[in-house]
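# Observations on chain architecture
Each chain, written out:
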Amino acid sequence: LIVAHLVQEKLAGEDSGKLAYEFHRALAEQILAACEAAEQETGIKKVALSGGVFQNRLLLELTDHMLKQQGFEVLKHQLVPPNDGGIALGQAVYAMAYLDRNRNK
């Protein structure tokens, strides 16, 4: 629905920047809704925003703000990137732990 709306608005001459913001806001609202649904099932109000999509600063800031307004504790990357760099670091840590556990076998 959001894509059809954005296309319709663009064809009607709407500003691309405004439409891009609307897209990001709609996506942040959907993430919030998913977190609220998960919280209803689990009672957990802690959310980790991770993955390459959260390299997008606007999406990260909108989602973070919306979640905090609803009382969620939001965890975000600070030292490790949320994309492939974080995955690579996790793989290296796992490999080191595996080697350490199996060193004397």
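Fair warning: this is a prediction, and the values are worked out from it, not measured in the lab.

Attention shifts here to the overall build of the chain. Counting secondary structure elements, the chain contains 4 helices and 2 strands. Mapped in sequence order, the helices and strands of the chain form the string α-α-β-α-β-α. Computed over C-alpha atoms, the radius of gyration of the chain comes to 19 Å, more than 25% over the 13 Å expected from 2.2 N^0.38 for 105 residues, which places it beyond the range of a compact globule. Relative to its full complement of 105 residues, the chain shows a buried share of 20%. Of all intrachain contacts in the chain linking residues separated by at least 6 positions in sequence, the fraction that spans at least 24 positions is 66%. The centroid of the 11 positive side-chain charges in the chain is displaced by 10 Å from the centroid of its 13 negative side-chain charges.

Bringing the nonpolar core into the picture now. Ranked by internal contacts, the top residues of the largest apolar core, which has 13 residues, are C35, V47, L49, L67 and F72. Those elements giving two or more residues to this core turn out to be α2 (16-42), β1 (46-49) and α3 (57-69). Apart from the residues within four sequence positions on either side, L49 is in contact with F54, L60, T63, D64, L67, V74, L75, K76 and H77.

Reading the values: rules and limits
- Residues numbered from 1 in each chain as written.
- Predicted model: local features only at pLDDT ≥ 70, side-chain atom pairs only at ≥ 80, totals over all residues.
- Heavy atoms only, no water.
- Helix = DSSP H or I, 4+ residues; strand = E, 2+ residues; numbered from the N terminus.
- Rg over C-alpha atoms; globule rule 2.2 N^0.38 Å.
- Buried < 20%, exposed > 50% of the residue type's maximum accessible area, 1.4 Å probe, protein only.
- Contact = heavy atoms within 4.5 Å.
- Lys, Arg positive; Asp, Glu negative; His and termini not counted.
- Charge placed at Lys NZ, Arg CZ, Asp CG, Glu CD.
- Core = buried A, V, L, I, M, F, W, Y, C linked by side-chain atoms within 4.5 Å.

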